[in-house]
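Chain by chain, the residues run as shown.
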Amino acid sequence: MAVTFSDLHTEQGIKSLEDHLAGKTYVSGDQLSVDDVKVYAAVVAKPSDAFPNASKWYACVASHLAKSFPGKAVGVSIGGSAVAASAQAEAPAADDDDDMDLFGDETEEEKKAAEEREAAKKDTKKPKESGKSSVLMEVKPWDDETDMKKLEECVRAVEMPGLLWGASKLVPVGYGIKKLTIMLTIVDDLVSPDNLIEDYLTSEPNNEYIQSVDIVAFNKI
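What counts and what doesn't
- Residues numbered from 1 in each chain as written.
- Predicted model: local features only at pLDDT ≥ 70, side-chain atom pairs only at ≥ 80, totals over all residues.
- Heavy atoms only, no water.
- Helix = DSSP H or I, 4+ residues; strand = E, 2+ residues; numbered from the N terminus.
- Buried < 20%, exposed > 50% of the residue type's maximum accessible area, 1.4 Å probe, protein only.
- Contact = heavy atoms within 4.5 Å.
- Areas by Shrake-Rupley, 256 points an atom, 1.4 Å probe, with all protein chains shown as cover.
- Arc of directions from axis to C-beta.
- Polar contact = N/O pair within 3.5 Å; in protein donor to acceptor, adjacent residues only side chain to side chain.
- pLDDT = per-residue confidence, 0-100.
- Pairing = 2+ DSSP bridges.
- Axes fitted to C-alpha atoms, helices over the stretch in contact; angles between N-to-C directions.
- Core = buried A, V, L, I, M, F, W, Y, C linked by side-chain atoms within 4.5 Å.

Comments concerning the overall build of the protein
Piece 1. For the protein, the helix and strand inventory stands at 7 helices and 4 strands.
Piece 2. When the elements of the protein are put in sequence order from the N terminus, they spell out α-α-α-α-α-β-α-β-β-α-β.
Piece 3. Taking all 221 residues of the protein together, the buried fraction comes to 31%.
Piece 4. Summarising the internal contacts of the protein: among those between residues at least 6 apart in sequence, 66% fall at separations of at least 24.
Piece 5. Split by element, the accessible area of the protein, about 14,600 Å² in all, is 51% carbon and sulfur.

Things to note about helix α6 (residues 148-156)
Every α-helix winds through 3.6 residues per turn, so residues three or four apart in the chain are directed the same way.
Piece 1. All of the buried residues in α6 are M148, L151, C154 and V155. Down the axis of α6, the smallest arc covering the buried residues is 115°, so these residues share one side.
Piece 2. Where α6 is buried, its residues touch β1 (132-141), β2 (163-174), β3 (177-187), α7 (193-201) and β4 (210-220).
Piece 3. Measuring from the side-chain oxygen of the N-cap residue of α6 to the backbone nitrogen of K149 gives 3.0 Å; that N-cap residue is D147.

Observations regarding the confidence of the model for the protein
Piece 1. When the pLDDT values of the protein are averaged, the result is 81; 79% of them are 70 or greater.
Piece 2. Here residues 76-87 scores under 50 on pLDDT; set against residues more than four positions off or in separate chains, the count is 3 contacts.
Piece 3. Contacts from residues 91-103, a stretch scored under 50 in pLDDT, to residues over four places away or in other chains number 2 contacts.

Side note on the pairing of β1
Piece 1. Most of β1 is tucked away: 8 of the 10 residues are buried.
Piece 2. As defined by bridge partners, β1 adjoins β3 across 8 bridges and the pair is classed as antiparallel. Along β3, the bridge assignment pairs E138 with T181.
Piece 3. Where β1 and β4 come together, 9 bridges link them in antiparallel fashion. The residue of β4 that forms the bridge with K140 is S212.

Observations regarding the environment of L136
Piece 1. Within the element layout of this structure, L136 appears in strand β1.
Piece 2. Using a relative accessible area of 6% as the deciding quantity, one classes L136 as buried.
Piece 3. The spacing of L136 and V37 is 99 residues in sequence and 8.3 Å in space, taken between C-alpha atoms.

Considerations on the sheet that holds β3
Piece 1. Taken together, the 4 strands give an open sheet; going across it, the order is β2-β3-β1-β4, and neighbouring strands pair in antiparallel fashion. Two strands bound the open sheet, and with one partner strand each, they are β2 and β4. Averaged over all neighbouring strand pairs, the angle between strand axes comes to 20°, with direction disregarded.
Piece 2. Relative to β3, β2 is paired through 9 bridges, and the arrangement is antiparallel.

A few points about unusual backbone geometry
Piece 1. For the bond from E204 to P205, the omega torsion is 0°, close enough to zero to count as cis.
Piece 2. On the secondary structure map, P205 appears in the loop between α7 and β4.
Piece 3. Positive phi, normally seen in glycine, also occurs at D7, with a value near 55°.
Piece 4. As for its placement among the helices and strands, D7 is situated in the segment before α1 (11-20).
Piece 5. Phi angles above zero are rare outside glycine, and Y175 is one such case at about 55°.
Piece 6. Positionally, Y175 belongs in the loop between β2 and β3.

Let's talk about the nonpolar core
Piece 1. M137, V155, L163, W165, L196 and L201 are the most contacted members of the largest nonpolar core, which totals 22 residues.
Piece 2. Ignoring anything within four residues of it in the chain, the contact list for M137 reads L180, T181, I182, L184, P193, L196, I197, L201, V213, D214, I215 and V216.
Piece 3. Counting residues in each nonpolar core, the second largest holds 21 residues, with I14, A54, L65 and A217 among its members.

In structure tokens form, the structure reads like this:
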């Protein structure tokens, strides 16, 4: 039966995850699955020691994902934590207003941030390092007769600057059909996941093996 989690950016949401993980290592079953990656992506930061089950699970998933991207700097996790902390800090402000106006007047902080972004764009003397993202994709074949080894070879044969393929796994879907789940790291300014799917993975000749591709998780790193 599917499990539903909500408001994982709040303490109440983490509490529901903590209760669910009591006596368990992973969200579903006894192995790391796509379910764990989806929930991991929704948790903005590692839970505190007040939630030992959720904290241990978060560290375990983070460790598995890190193994998919050898050579990453230690600063990647720090950058991700900073983003999560920022999102968490902004959450209470959103809760204060039941009728939040998404298109209201800019605050002084927003105006200042916009000015800083414009100034950064004009500053050509200081090179800016492009951001990166980790993506989890599901690649689905046409039927149970599709050669999954050939399918994965087609996927990994796609090469372009800023694209690095990571770990993969075949997951049973039903009726003898399996799908390929695969991790990849992209440089945001160089690779568009949508273009990667439409122009390469599901176009000729790869569409002989690949029926469709879905993005399961997308995280800035």
